[in-house]
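The chain contents come next:
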Amino acid sequence: MGKYIIAIIILSFLGCSCTSTRKEKLDNSEKIYKEPYRPQFHFTPETHWMNDPNGMVYYEGEYHLFYQYHPESSVWGPMHWGHAVSKDLVHWEHLPIALYPDSLGYIFSGSAVMDYENTSGFGSKDKPAMVAIYTYHNMEGEKAGRNDFQSQGIAYSLDKGRTWTKYEKNPVLKNPGIRDFRDPKVIWHKESKKWIMTLAVQDHTSFYSSKNLIDWTFESDFGKEFGSHGGVWECPDLFPINVEGTDEEKWILIVSIGAGGPNGGSTTQYFVGDFNGKEFVSIGNDTKWLDYGRDNYAGVTWSNVPEEDGRVLFIGWMSNWQYATVVPTYKWRSANTFPRELVLKKEDNNYHLNSVPVKELELIREECYIIPNQDIKGNFDVTNTIPFKAIPLEIDLEIAWDEQPQKFGVKLSNSAGEELEAFYSGVNESFTIDRTKLKNISFSDVFASIDKAKISCKTGIKLQILIDESSIEVFVNDGELVMTDQFFSAEKFDKIDVVSSGNNISVKEAKFYKLKSVW
Ligand code: FRU
């Protein structure tokens, strides 16, 4: 690798004078957030179990993130809504638990909206209520073998999500006798001036409408004959989005499924179509996957992102029900994906939803090492040329080729002989993450996996790769294909190789950013 000249750009890396409170806070966070496998730039609860992200809403400069939380254990149990806020989607402040179980049940997944017009009467136009809409899961009902143990409840906050009052006449949507009847995602439908709730109902979604978030009317069903049915439908999301760079509006329906993902286990599919306030009509019936990795589930988008921002912002739970409860972290369990922007592309009359990391990623870039443009053949070890410990790391590569290489990608390794590879194969025209060469995989029979997806890159490839202490997220060709996978290496990865074999490749851009911890 000596022959490569490395240009080093040190980005702003300014110290700041610490007041004693800030110092205390730092010392504290160092203890808590330095455990093995603890993500450094992904959201994790300080302690205990987390699953789905819930109730994401933006209000007065804060992105709220609620989440399925069991505050007494690092496995799933009585569900609460944990709570955190961020001003930039990257640095998070933990807040007290927002919603506790009550006599109607555990608090399962759901959404939150700002009721600016005070349709509910819970606030006022000057002081709008933040309203959470969630599923009650009644354990006694389930244990007694009833079918109607899931219903929808609401709660509101008049102090920026800090304290909550549950609506006294909950539930607002009773169960019609269907076992899986959950995860309400509510949006304001401008054209019909109504709230629309999208609900996961066993093998389809149901749409309900309301003028006030309290009284709900059934509108229609979608999905029995559409998409993938490898598992129960969960955590839907419905939102409008413009085709990138145009005024053409389409509606996206996101649906997570508990099993049957393209590489196994729980995963998320989406449909592109139209919605008229009553019915969703899908264009085509092929299954589209939001992410081909094993670890992006139950993700939905933020409500009330300011119009001048205009982005569709998404976050998912970075785990898989196949092994979520046994991954080798004990103080806390589960992280979220890095927040993503969803972008709708249209080519030859086909619509495709791309995901890219939010631009706020720039805030945690610390040092950047650039490998100059050149033609290369074979591997090169990057670690020997960059003076920081490999992880956390962002790798941005833009590569061109005349003939497709047999293989091109990135390999992480360590002195314990472990390897994690993410690479494109020109032979199969596919992208792969291989996490079989890790030593710490015995916690689950299905964790070690070779995750693969078809993609054809005839003239080159663009890769944006985010690597944290126990996760890798790969965005291929500006998020046309995404793969998110966790890994738990027995030792820290400290060596990075850019791997290529077969034909020559030409480096158009190769940047390695050291990323700062957000904790
Ligand atoms: C998805 C899910 C949701 C449910 C929640 C319970 O992971 O099963 O359908 O509301 O988790 O924690």
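Calculation criteria
Every chain begins its residue count from 1, and numbering advances along the sequence as written. Since the coordinates come from a predicted model, pLDDT governs what is reported: local features require at least 70, and pairs of side-chain atoms require 80 or more to be given and counted, while whole-chain, interface and lining totals use all residues. The basis for every side-chain value is the complete set of heavy atoms in the structure, and neither hydrogens nor water enter the calculation. Helix and strand labels come from DSSP, where a helix needs a run of H or I of at least four residues and a strand needs a run of E of at least two; each type is numbered from the N terminus. The buried label goes to any residue with under 20% of its type's maximum accessible area, the exposed label to any with over 50%, and the partly exposed label to all in between, with areas taken from a 1.4 Å probe on protein chains only. Where each domain starts and ends follows an automatic or database-derived domain assignment. For this analysis, residues touch if any pair of their heavy atoms sits within 4.5 Å. Two parts placed together each lose some accessible area under a 1.4 Å probe, and adding up what both lose gives the buried area. Whether two strands pair comes down to DSSP finding at least two bridges between them. Where helices are involved, their axes are fitted lines through C-alpha atoms of the stretch in contact, as for all axes, and angles between N-to-C directions lie from 0 to 180°. Any Lys or Arg side-chain nitrogen found within 4 Å of a carboxyl oxygen on Asp or Glu counts as a salt bridge. Neighbouring residues are identified by heavy atoms, a residue being near a molecule or strand if any of them is within 4 Å of it. As used in this structure description, the phrase polar contact means that two N or O atoms lie within 3.5 Å; if the pair is within protein, one of them must be able to donate a hydrogen and the other to accept it, and residues adjacent in sequence are counted only when both atoms belong to side chains.

## Some words on the environment of Ile-395
Point 1. Relative to the elements of secondary structure, Ile-395 occurs in strand β27 (residues 393–400).
Point 2. A relative accessible area of 0% places Ile-395 in the buried class.

## Topic: the domain arrangement of the protein chain
When the parts of a complex come together, some accessible area is lost, and that lost area is often used as the size of the interface.
Point 1. You can read the domains of the protein chain as domain 1 (2–13 + 372–515) and domain 2 (97–357).
Point 2. Taken over C-alpha atoms, the centre of domain 1 sits 33 Å from the centre of domain 2.
Point 3. Counting from both sides, the interface comprises 27 residues of domain 1 and, opposite them, 25 residues of domain 2.
Point 4. Summed over both partners, the interface of domain 1 with domain 2 buries about 2000 Å², with 57% contributed by carbon and sulfur atoms.

## Re the sheet that holds strand β23 (residues 350–357)
Point 1. Taken together, the four strands give an open sheet; going across it, the order is β19-β20-β22-β23, and neighbouring strands pair in antiparallel fashion. Since the sheet does not close on itself, it has two edges, and those belong to β19 (297–301) and β23, each with one partner. Along the sheet, successive strands turn relative to each other by an average axial angle of 35°, direction set aside.
Point 2. Of the pairings in the sheet, the one linking β19 to strand β20 (residues 312–317) comprises three bridges and is antiparallel in character. From the neighbouring strand, Thr-301 faces β20, where its bridge partner is Phe-314.

## Re the pattern of salt bridges
Any two side chains of opposite charge can pair, so long as their charged atoms come close to each other.
Point 1. Scanning the entire structure with this criterion turns up 37 salt bridges.
Point 2. Arg-182 is the salt-bridge partner of Asp-183, the closest N and O atoms lying 3.8 Å from each other.
Point 3. Connected through salt bridges with shared partners, the residues Asp-180, Arg-182, Asp-183 and Glu-234 form a single ionic network.

## Comments concerning the sheet that holds strand β26 (residues 380–381)
Point 1. Reading across from one edge, β26-β35-β28-β29-β30-β31 is the order of the six strands in this open sheet, with antiparallel pairing throughout. Strand pairing shows two members of the sheet lacking a second neighbour, β26 and β31 (450–454), which therefore form its edges.

## Topic: the site of the ligand
Point 1. Taken together, Asn-51, Asp-52, Gln-68, Trp-76, Met-79, Phe-108, Ser-109, Arg-182, Asp-183, Glu-234, Tyr-297 and Trp-321 make up the full set of residues near the ligand.
Point 2. Residue Ser-109 places a main-chain N or O atom 3.1 Å away from an oxygen atom belonging to the ligand.
Point 3. Separating an oxygen atom of the ligand from a side-chain N or O atom of Asp-183 is a distance of 2.6 Å.
Point 4. Among the secondary structure elements, those contributing two or more residues to the shell around the ligand are β2 (48–59), β6 (106–115) and β10 (181–189).

## Details of the side chain of Gln-269
Point 1. With respect to the element layout, Gln-269 can be found in strand β16 (residues 267–275).
Point 2. Given the relative accessible area of 0%, Gln-269 is considered buried.
Point 3. A distance of 2.8 Å separates a polar atom in the side chain of Gln-269 from the backbone nitrogen of Ser-228.

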